[in-house]
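A closer look at the structure
The residues making up each chain are set out below.
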Amino acid sequence: MILFFRRVLRWNYATFHLSTKKNNKMKNTIIGESLPNIPWEDKPKDCLDVLWRYSGNPILDWNPIPKAARIFNSAVLPYKDKFVGVFRADQRNGRATLFFGKSKDGLQWKIGPDPIQWVDENGKPNPLSYGYDPRFVKLDDSYYAVWCDDMHGASIGLGRTRDFKTFIRMPNPLMPFNRNGVLFPRKVNGKYLLLSRPSDSGHTPFGDIFLSESPDLIYWGNHRHVMSRGGSGWWQGTKIGAGPIPIETTEGWLLFYHGVSGTCNGFVYSFGAAMLDINKPWKVLHRTRDYLLTPEKPYETTGFVPNVTFPCANLYDAPTGRIAIYYGAADTCTAIAFTQVDKLINYIKKNSEV
Ligand code: BMA
């Protein structure tokens, strides 16, 4: 009933926009909420790409707060008419941890001042050894963070909050070694879904994306392979990892993911996108043959780790199809890129290699 009501509301919104903006065909491809205050900038006239960078990049630069030297691969969400986020911050001792932040516009952030103080289910302190590359999602009535956690080696960490004050650590969903855990924003076929990238103990020279399911966010199983590294190009030839929370669309789940190529000067992290079947998300329908974004700008090619663009979050506005992608740049800065869902899906379909 609620779903029906939402769809009617969305339809009305879309119809209104269709009648007011004749030249802007809106198809309501994204199945989700509206976010009229999404950070946004129109595509520059001379840009030939389907995805374009924010002219104000980076939005977080070196030493953004007293207790963190670099804030980068981080995750944001809309909250009421503002924004909240879980941020990967490398502290001044070099160790990665997670901070919480708030923003009125998604561009200017108030982060910290201290790392998130995690507790167990009984409220006792349960600090992280380290934490990095968080993703953040609203599921049911709670907000869940997934990150790379230390469980006698890199593994997937999971925690939840309802009020952004108490952050409760939950059992690690998967065994080490694993990274790039990404939850789906709703149950599919009655199960919670988690993408991940199993690995070895180091900075893995290999890696594919897998999917696991759970009835309760505690017990995970029915693991399936989703996507392999590789393809005819080289940008995703070494390893790949799921990026932001998948976006539900009428064409399937839209998933941005990073791809890594090995060069004689180290790894290069770019990102592309895939469309996954809505009811069987382990089935890849389309997948970008070329990257959508690769390190080119000085803040992407130069920094603590050069040549890294690493997406961890996306915001969307369903009625207009606007998408803002938050990505870490050179393990130093936080940057934003924009795209429009219909143009992007059209591009992915036309330039797909599965
Ligand atoms: C990966 C992760 C990311 C990082 C990337 C490039 O293994 O550690 O946090 O952005 O390497 O250094």
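Refer to the structure printed above.
Described below are features of the structure shown in this document.

Rules used in this analysis
Residues numbered from 1 in each chain as written. Predicted model: local features only at pLDDT ≥ 70, side-chain atom pairs only at ≥ 80, totals over all residues. Heavy atoms only, no water. Helix = DSSP H or I, 4+ residues; strand = E, 2+ residues; numbered from the N terminus. Rg over C-alpha atoms; globule rule 2.2 N^0.38 Å. Buried < 20%, exposed > 50% of the residue type's maximum accessible area, 1.4 Å probe, protein only. 1 Å grid on protein atoms, 1.4 Å probe; cavity = no way out; pocket = protein on both sides within 12 Å on 5 of 7 lines; lining within 4 Å. Points joined across faces, edges and corners; volume = space filled by probe spheres on them. Nonpolar A, V, L, I, M, F, W, Y, C, P; charged D, E, K, R; others polar. Disulfide = S-S within 2.5 Å. Pairing = 2+ DSSP bridges. Polar contact = N/O pair within 3.5 Å; in protein donor to acceptor, adjacent residues only side chain to side chain. Patch = residues over 30% accessible without salt bridge, like charges linked within 9 Å, V, L, I, M, F, W, Y side chains within 5 Å. Areas by Shrake-Rupley, 256 points an atom, 1.4 Å probe, with all protein chains shown as cover. Salt bridge = Lys/Arg side-chain N within 4 Å of Asp/Glu carboxyl O. Lys, Arg positive; Asp, Glu negative; His and termini not counted. Charge placed at Lys NZ, Arg CZ, Asp CG, Glu CD.

Moving on to the overall build of the protein chain. In terms of helices and strands, the protein chain carries three helices and 23 strands. For 354 residues, the compact-globule estimate of 2.2 N^0.38 gives 20 Å, and the protein chain sits close to it at 19 Å. Taking the principal axes of the C-alpha coordinates as reference, the protein chain spans close to 55 × 50 × 40 Å. With 354 residues in all, the protein chain has 55% of them scored as buried.

Evaluated as defined, the whole model comprises one cavity of 30 Å³ or more. Each pocket or cavity is described by its volume, and for the largest cavity that value is around 30 Å³. Lining the largest cavity are eleven residues, and of these Pro 319, Thr 320, Gly 321, Gln 340 and Asp 342 lie nearest its centre. Here the lining of the largest cavity is built from residues that sort into four nonpolar, five polar and two charged.

Right, let's get into the state of the cysteines. Such a bond, covalent and formed between the sulfur atoms of two cysteines, is termed a disulfide. Scanning the entire structure with this criterion turns up zero disulfides. The thiol sulfur of Cys 148 is not disulfide-bonded, and the nearest other cysteine sulfur, from Cys 312, lies at 11 Å.

Attention shifts here to the pairing of strand β14 (residues 209-214). Looking along a regular strand, one sees the side chains alternate between the two faces of the sheet. Burial analysis of β14 places five of its six residues in the buried class, which makes it a mostly covered element. In terms of strand pairing, β14 meets strand β15 (residues 221-227) through four bridges, oriented antiparallel. For Ile 209, the partnering residue across the bridge sits in β15 and is Met 227. Between the end of β14 and the start of β15, which pair antiparallel, lie six residues, with Leu 217 showing a positive phi angle near 70 degrees.

Tracing the chain through its elements places Ser 199 in the loop between β13 (192-198) and β14. Note: C-alpha distance between Ser 199 and Lys 239 (40 residues apart in sequence) is 9.7 Å. Separated by 3.3 Å, the side chains of Ser 199 and Arg 179 make a polar contact.

So, on to a positive patch on the surface. A surface patch of like charges, here positive, comprises Lys 80, Lys 82, Lys 102, Lys 104, Lys 110 and Lys 165. In this structure, Lys 110 sits in strand β6 (residues 109-111). By relative accessible area, Lys 110 is classed as exposed at 67%.

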